[in-house]
Amino acid sequence: MANGQYDSSRGALIVLEGLDRCGKTSQSSRLVSFLKGKGFSVESWRFPDRSTCVGEMISSYLSNKSQLDDRTIHLLFSANRWEKRALMETKLRSGTTLVVDRYSYSGVAFSAAKGLDIEWCKAPETGLLAPDLVVYLDITPEKAAERGGYGNERYEQLEFQRKVAHHYRVLHDETWKIVDACLPMEDVEKQLRELALECATTCQKGKPLSHLWL
Ligand code: Z5A
Ligand code: MG
């Protein structure tokens, strides 16, 4: 950086977080279309990425087809992010913005909700790329459960989601943007557009990449 100017333009790492059914997937595809329309190079990503070998193990666990020790599955979720880290950096540095549906915060909140120590849960995430923007789509577990009911995946139970909500509150910091996920879809979308546009523009001007929890 010289004279207050950053040196290299890049894409933004935008993460959507929140409880099951808060609207992450719906909003991430809307946001990607919006940013594309504004002329940004942008891709939609999600974790877990079930397309890799590690992702297949996670998917099998989530659908109750296999059993794994709590720490083992935690490390697999983390490994699933690590295996995408280099590509993530390449994309960002080449100017592509990534809208990511769940990231390390899900990893920590869900495992801590099982009773694992939160610092232990954060440790394997250390060194992953830090998001430029975390938007938390805020909904109570009760309201989320009303949205079409839960399916058959492992964590889709009200009592468990209450614990996850508690751990998201513990994890969040002042940089997170909290959006009321109970607003109509279009209103949530409008808030996301503004936040994302500002973030993508800042990164285009060359905001440096940083790393998680250092
Ligand atoms: N997990 C983990 O343990 N560790 C990790 O490291 C990671 C994840 C990364 C799979 O996640 C599980 O993995 C997840 C956390 C754990 N378990 N749980 N719970 P996933 O991402 O594959 O699945 P999900 O996100 O939990 O569920 P989801 O159904 O995809 O939720 P969503 O994407 O947030 O919501 P949506 O599909 O956009 O919307 C849900 C419904 O609500 C749908 O009918 C919409 O039309 C409706 N909706 C959305 N927004 C609104 C508004 N504003 N008003 C009214 N209705 C709305
Ligand atoms: Mg989803």
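Each value, and the rule that gives it
Residues numbered from 1 in each chain as written. Chains lettered and ligands numbered in written order. Predicted model: local features only at pLDDT ≥ 70, side-chain atom pairs only at ≥ 80, totals over all residues. Heavy atoms only, no water. Buried < 20%, exposed > 50% of the residue type's maximum accessible area, 1.4 Å probe, protein only. Helix = DSSP H or I, 4+ residues; strand = E, 2+ residues; numbered from the N terminus. Pairing = 2+ DSSP bridges. Axes fitted to C-alpha atoms, helices over the stretch in contact; angles between N-to-C directions. Parallel < 35°, antiparallel > 145°, perpendicular 65-115°, else oblique. Left-handed = near helix turned anticlockwise from the far one by under 90°. Contact = heavy atoms within 4.5 Å. Nonpolar A, V, L, I, M, F, W, Y, C, P; charged D, E, K, R; others polar. Near = heavy atom within 4 Å. Polar contact = N/O pair within 3.5 Å; in protein donor to acceptor, adjacent residues only side chain to side chain. Areas by Shrake-Rupley, 256 points an atom, 1.4 Å probe, with all protein chains shown as cover.

Observations regarding the pairing of strand β3 (residues 97–101)
For β3, a buried count of five out of five residues is recorded, marking the element as mostly surrounded by other parts of the structure. Here β3 shows no split at all, with Thr97, Val99 and Asp101 on one side and Leu98 and Val100 on the other all buried. The pairing of strand β1 (residues 13–17) with β3 spans four bridges and is classified as parallel. Across the sheet, residue Leu13 finds its bridge partner in β3, namely Leu98. Bridge count between strand β2 (residues 42–46) and β3: five bridges; the pairing is parallel. Note on β3: the bridge partner recorded for Val42 is Thr97.

Thoughts on unusual backbone geometry
Of note, the bond from Phe47 into Pro48 is cis; its omega dihedral lies within 30 degrees of zero at 0 degrees. Look at Arg21: it is not a glycine, yet its phi comes out positive at around 75 degrees. Along the chain, Arg21 falls in the loop between β1 and α1 (24–37).

Some words on the packing of α1 against helix α8 (residues 185–204)
At a minimum axis separation of 10 Å, α1 and α8 run at an interaxial angle of 50 degrees. Considering their axes alone, α1 and α8 lie oblique with respect to each other. Crossing geometry of α1 relative to α8 is assigned as right-handed. Only Met185, Glu186, Val188, Glu189, Leu192, Arg193, Ala196 and Leu197 of α8 make contact with α1, whose side of the interface consists of Ser26, Gln27, Arg30, Leu31, Phe34 and Leu35. Of the residues that constitute the contact of α1 with α8, the class distribution is eight nonpolar, two polar and four charged.

Description of the site of ligand 1
Inspection of the region around ligand 1 gives 26 residues, with Asp20, Arg21, Lys24, Thr25 and Ser26 positioned closest. Between ligand 1 and the protein, one listed contact pairs an oxygen atom with a side-chain N or O atom of Arg46 at 3.3 Å. Between an oxygen atom of ligand 1 and a main-chain N or O atom of Gly107, the distance comes to 3.3 Å. In isolation ligand 1 exposes 1100 Å². Once the protein is present, 81% of that is buried. Mapped by element, the contributors of at least two residues to the shell around ligand 1 are α1, α3 (70–93) and α4 (104–112). Counted by class, the shell around ligand 1 contains twelve nonpolar, six polar and eight charged residues.

By themselves, these are just geometric observations and shouldn't be taken as functional.
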